Amino acid sequence: MQCSAPSLRMFKSSKVCTVLIDLSGTLHIEDYAIPGAVNALNRLRRKVNVKFVTNTTKESRRVLHERLHSLGFDIEKSEIFTSLSAARSYVDTHKIRPLLMLEKEAMEDFEGVGTSDPNAVVIGLAPSCFNYSKMNEAFRMLLDGSTLIGIHKARYLKKKDGLYLGPGPFVHALEYATGTQAVVLGKPEKAFFLEALQEFSCPPDQAVMIGDDVIDDVGGAQKCGMLGILVQTGKYRSKDESKIQPAPHLTCPDFPASVDYIIDNLL
Amino acid sequence: MATPMVAGWLKFAKEIEGIVLDIAGVLYDSGDGDGVPIPGSIEAVNRLKASGVPVRFCTNATETTRVNLVAKLNRIGFSLEPNEVFPPAPAVCQILKERGLRPHLLVADDCKPDLAGVEQHDPTCVVIGDAAHGFTYDSMNKAFQALMQMEKPLLISMGQGKYYLETDGLKLDCGPFMKALEYACSLEAEIVGKPSKTFFDAVLKDIGISSDKALMIGDDVVSDVGGAQACGMRALLVRTGKYRPTDEKHPTVTPDGVVDNLQQAVELFLSCRDK
């Protein structure tokens, strides 16, 4: 499969200095690394800053880091920026005491956060919290003025045995009940991408996002001024690239191909 | 006692030939056990009925069957007949039969008898009601998966209320859970119950009056007041049940009048008609 040629007008005048990389579906699929991805990442690292960005509401950075490490990727825990990290940072910045509607595995990223007398509701994908009592508790807090924070707002996710509701519908239910709008933190929110770039002081027009989700990865990144590269692995389905306007800067077979393209054309 | 708001609606009291009352938050506050009558409401309903004005009860209650709801209200002191009470479930049952639909039910177990007699295998729609503690990730997921498997996903919702008041506080109604499924499946639910026009129309037809001769009294500014007004009825908001002061400054709905409770509404209404 060939890379589809990007239109010339979309080439950048300034050189790329940072590349944000999605994890699941882009570097690996469950317990398998995408062939050639480990070496491709090492090649890319020598040229630019990298950061790994992912929408997760149930896996802490430690868990993600251990998985990637076991697949052979040379990645530091501090290089992983997730929607949970964004939520943690939001909670710290705004001095919020959250009611955390999260599963145990995700709680690790909120160690040390004060949760007594809460003034915000933080929602991730937490099946054990999506019951009537807990939803009512959150609802009453929101009516009393607490802030609603959605770690991300995905409608559903695909597991091996079918489709399952994501956190989005439950965030939406509370928005409707209280007539308020949630602060949403993960991809495709602009603030998420900008925060990921912050450490490198890298303006968005010198950054690239590589991912398999045309809307959350590529569309979101391009809306905040980055270049988006869509890889045809993971959740990619035929013609996904036509779902956004403007189209992805580049659609290519896999992560190694995207690295070759960046090194050859954008540096 | 008569505030300017009250005086305004009394001007049309003489034109009213039928009254439609909401139940929860107007007659009583639901909660553990049978709930508690709102002070003055039992006498108010009795006086209204004795005056000869036709009265019907229009509710989005789906936590139990019509017969059990009436029995519960009568246990706490009301005197209602099942044929005066209009909940959504019997209306949904009729729709399912007419259209040959097979439902996947996400409703309270106690409501299911009102939906009995309809085929449920290989569902062609999801019917959602106030399932209360029946709303879990698992039950929501099953409804979601059922919708995603349908050729043309159809969600029928018994009302779309946001919340209601029980004796121990505000509780989420079925609306938020309906919205969750709408969002997940990118669809729009079909509403049976208030504020749908067909639902109000069925009640008016039963009384035998046109909408401009009917007065609705409820505690839900959107579903009761806004819904009735959209059908051409007059509507009063009571300051009981789920009422919150901000309801009087609602951006899109302005009640024809606001009263402290059903007792005050009935007193003013009857005194004005006697003149």
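As the structure is a computational prediction, the values presented were derived from the model and not from experiment.

The rules behind these values
Residues numbered from 1 in each chain as written. Chains lettered and ligands numbered in written order. Predicted model: local features only at pLDDT ≥ 70, side-chain atom pairs only at ≥ 80, totals over all residues. Heavy atoms only, no water. Helix = DSSP H or I, 4+ residues; strand = E, 2+ residues; numbered from the N terminus. Buried < 20%, exposed > 50% of the residue type's maximum accessible area, 1.4 Å probe, protein only. Contact = heavy atoms within 4.5 Å. Areas by Shrake-Rupley, 256 points an atom, 1.4 Å probe, with all protein chains shown as cover. Phe/Tyr/Trp six-rings, centres within 6.5 Å; stacked < 30°, edge-to-face > 60°. Domains from an automatic or database assignment. Buried area = accessible area lost by both parts, 1.4 Å probe. Salt bridge = Lys/Arg side-chain N within 4 Å of Asp/Glu carboxyl O. Polar contact = N/O pair within 3.5 Å; in protein donor to acceptor, adjacent residues only side chain to side chain. Pairing = 2+ DSSP bridges. Axes fitted to C-alpha atoms, helices over the stretch in contact; angles between N-to-C directions. Nonpolar A, V, L, I, M, F, W, Y, C, P; charged D, E, K, R; others polar.

Asker: Report on the overall build of chain A, specifying residues and quantitative values.
Answerer: Within chain A, the regular secondary structure consists of nine helices and 14 strands. Within chain A, the proportion of its 267 residues that are buried is 53%. For chain A, contacts bridging at least 24 residues in sequence account for 64% of all contacts bridging at least 6. Here chain A displays about 11,900 Å² of accessible surface, and carbon together with sulfur accounts for 49% of that area.

Asker: Give a description of the packing of aromatic side chains that names residues and reports values.
Answerer: Residues and elements named next belong to chain A. All told, the structure shown has ten aromatic pairs over all chains when counted by the stated rule. Measuring from ring centre to ring centre gives 5.0 Å for Phe81 and Phe192, while their planes differ by 35 degrees; the resulting arrangement is tilted. With Phe81 in strand E5 (residues 80-82) and Phe192 in helix H7 (residues 190-198), the pair connects residues that are 111 residues apart, well separated along the chain. Taking relative accessible area as the criterion, Phe192 reaches 1% and is therefore assigned buried.

Asker: Hey, could you go over the domain arrangement of chain A for me, with residue numbers and the actual values?
Answerer: Residues and elements named next belong to chain A. Per the domain assignment, the segments making up chain A are domain 1 (8-55 + 187-265) and domain 2 (96-184). Facing five residues of domain 1, the contacting portion of domain 2 comprises four residues. With both sides pooled, the region where domain 1 packs onto domain 2 buries about 350 Å², and carbon together with sulfur makes up 48% of that total. The interface formed by domain 1 and domain 2 holds zero salt bridges in total. In this structure, the connection of domain 1 to domain 2 is made through zero residue pairs in polar contact (both at pLDDT 80 or more).

Asker: For the sheet that holds strand E11 (residues 190-192) of chain B, give the residues involved together with the corresponding values.
Answerer: The strands that make up a sheet are held in pairs by hydrogen bonds between backbone atoms, and each pair lies either parallel or antiparallel. Residue and element names in this part refer to chain B. Pairing is parallel across the open sheet formed by four strands, whose spatial order is E6-E7-E8-E11. Across the chains shown, the open sheet's two edge strands, defined by having one partner strand only, are strand E6 (103-106) and E11. Neighbour-to-neighbour, the strand axes of the sheet open up by a mean angle of 25 degrees, direction not taken into account. Pairing between strand E7 (residues 125-128) and strand E8 (residues 155-158): three bridges, direction parallel. Paired with Val127 across the bridge in E8 is Ile156. Where helix H5 (residues 137-149) meets the sheet, its contacts fall on E6, E7 and E8, and the angle it forms with E6 comes to roughly 160 degrees.

Asker: Tell me what's going on with the domain arrangement of chain B, and back it up with residues and numbers.
Answerer: Residues and elements named next belong to chain B. The domain architecture assigned to chain B consists of domain 1 (4-59 + 194-274) and domain 2 (88-192). Every contact between the two is made by 13 residues of domain 1 and, on the other side, eleven residues of domain 2. Here domain 1 and domain 2 share an interface that buries about 1,100 Å² over both sides, 58% of which is from carbon and sulfur atoms. By the criterion of area lost to domain 2, the three top residues of domain 1 are Ser30, Phe199 and Lys242, representing 39% of everything that side buries. Counting every contact that joins domain 1 to domain 2 gives zero salt bridges. Remark: the boundary between domain 1 and domain 2 carries three residue pairs in polar contact (both at pLDDT 80 or more). Across the side of domain 1 that touches domain 2, the residue classes tally to three nonpolar, five polar and five charged.

Asker: Talk me through the interface of chain A and chain B; I want residue IDs and the actual numbers.
Answerer: Each partner contributes to the interface: chain A provides 25 residues, whereas chain B provides 29 residues. Both sides of the chain A and chain B interface together cover about 2,600 Å² of buried area, and 67% of this is carbon and sulfur. Contact with chain B buries surface across chain A, with A:Tyr132, A:Leu165 and A:Tyr176 losing the most and accounting together for 32% of the total. In this assembly, chain A and chain B are joined by zero salt bridges. Where chain A meets chain B, there are 13 residue pairs in polar contact (both at pLDDT 80 or more). When residues of the side of chain A that touches chain B are traced back to their parent elements, those giving at least two are helix H5 (132-143), strand E10 (162-165) and helix H6 (168-178) of chain A. The element best represented in the side of chain A that touches chain B is H6(A), accounting for eight residues. Looking at the side of chain A that touches chain B residue by residue, the classes come out as 17 nonpolar, five polar and three charged.

Asker: Please provide a residue-by-residue account of the sheet that holds strand E13 (residues 234-238) of chain B, values included.
Answerer: Residue and element names in this part refer to chain B. If you walk across this open sheet you meet the six strands as E5-E4-E1-E12-E13-E14, and the pairing is parallel. The outermost strands of the open sheet, each flanked by one partner alone, are strand E5 (85-86) and strand E14 (257-259). Note that strand E1 (residues 18-21) and strand E12 (residues 214-218) share four bridges and pair parallel. Residue pairing for E12: Val20 is matched across the bridge by Met216. Strand contacts of helix H2 (residues 41-50): E1 and strand E4 (55-58), with the helix running at about 135 degrees to E4, the strand carrying the most contacts.

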